[in-house]
Amino acid sequence: MEPIQVDALVIRQKNYGEADRILTLFSKQLGIVSAMAKGARKFKSHQAGATQLFCYGRFNLVPGKNMYTLRGAVCEESFFSVSASIENLALAQYLCDLAYLTTGPENPDEGVLSLLLNTLYLLSKGEKDSALLKAVYELKLCQQAGFAPRTDCCMRCGAMENLNAFSPAMGGTLCSACGAADAIKLAAPTVKALQYIAEAPLSASFGFTLKQDFLCELSKTCEKFILFNVDNYPNSLDYYKKINNF
Ligand SMILES: [Zn+2]
């Protein structure tokens, strides 16, 4: 059978047998799929590099009964450098898990892939606070997956001023007059940051800074909101929190 050529990111990797690897690929063309990379762990394997975690490249896949079989791969961009820091590695795994949870298998979503690649790129550069990257990614992913929060008015009364809380269950901000049992209290700069992320295009959405206290609020809000909207809990989040002493 003719191989299918796809552009994909390795989001999970598991050793199999003596020398094989099972890859989870987030591909532009087929969505998230599994592929068996035979002999990928052999020293001389020419596809060893491309089958590394967080490698983005071109993969030739042959369809099989349970999964695809890899017939050659070329790595074009590797974000493997995030593995040099255990904090970044934990975050990168969490980002990939969230992409999996919101997209599901075999559901091509170029928007989510592009968001994931952008965030991994910024994480590998190390120039942005990782809590900011995490928060922006979570909120943008919610938008991409079709459950964008409202951040421009109160979800209960419609007021557009004095917004100072966020309710994951109500799907957005609340004003000072309207409470909600699950609402997270927010300072004005945090509300502004939420509004900025919600309105900015992907390319500009990471382009702001926030003081640590507000960043903590933002991080908590975005995380609670995405967890409220996904069916399964990403275990990698506990690992990320343990590493970062949250
Ligand atoms: Zn209100």
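Residues numbered from 1 in each chain as written. Predicted model: local features only at pLDDT ≥ 70, side-chain atom pairs only at ≥ 80, totals over all residues.

**Brief notes about the sheet that holds strand β8 (residues 184–185)**
Taken in spatial order, the three strands line up as β7-β6-β8 in an open sheet, and their pairing is antiparallel. Bordering the open sheet on either side are β7 (172–175) and β8, each of which pairs with just one other strand. Sheet analysis places strand β6 (residues 163–167) next to β8, joined by two bridges and oriented antiparallel. In the sheet register, A165 faces β8, and the bridge partner there is K185. (Pairing = 2+ DSSP bridges. Helix = DSSP H or I, 4+ residues; strand = E, 2+ residues; numbered from the N terminus.)

**Considerations on helix α1 (residues 86–103)**
If you check α1, its first and last C-alpha atoms are 26 Å apart, about what 18 residues at 1.5 Å a residue would give, namely 26 Å. Most of α1 sits inside the fold, with 14 of its 18 residues counted as buried. In the stretch just after α1, G104 is the one whose phi turns positive, near 75°. (Expected span 1.5 Å × (residues − 1). Buried ≥ 20, exposed ≤ 12 C-beta atoms within 10 Å, placed from the backbone.)

**Notes on the domain arrangement of the protein chain**
Domain boundaries assigned for the protein chain yield domain 1 (4–78) and domain 2 (82–243). Look at where the C-alpha atoms of domain 1 and domain 2 centre, and you get two points 29 Å apart. Each partner contributes residues to the interface: domain 1 has twelve residues there, and domain 2 has 16 residues. Going through the elements one at a time, β1 (4–16) and β3 (31–37) are the ones with two or more residues in the side of domain 1 that touches domain 2. Across the side of domain 1 that touches domain 2, the residue classes break down as eight nonpolar, two polar and two charged. (Domains from an automatic or database assignment. Contact = placed C-beta atoms within 7 Å. Nonpolar A, V, L, I, M, F, W, Y, C, P; charged D, E, K, R; others polar.)

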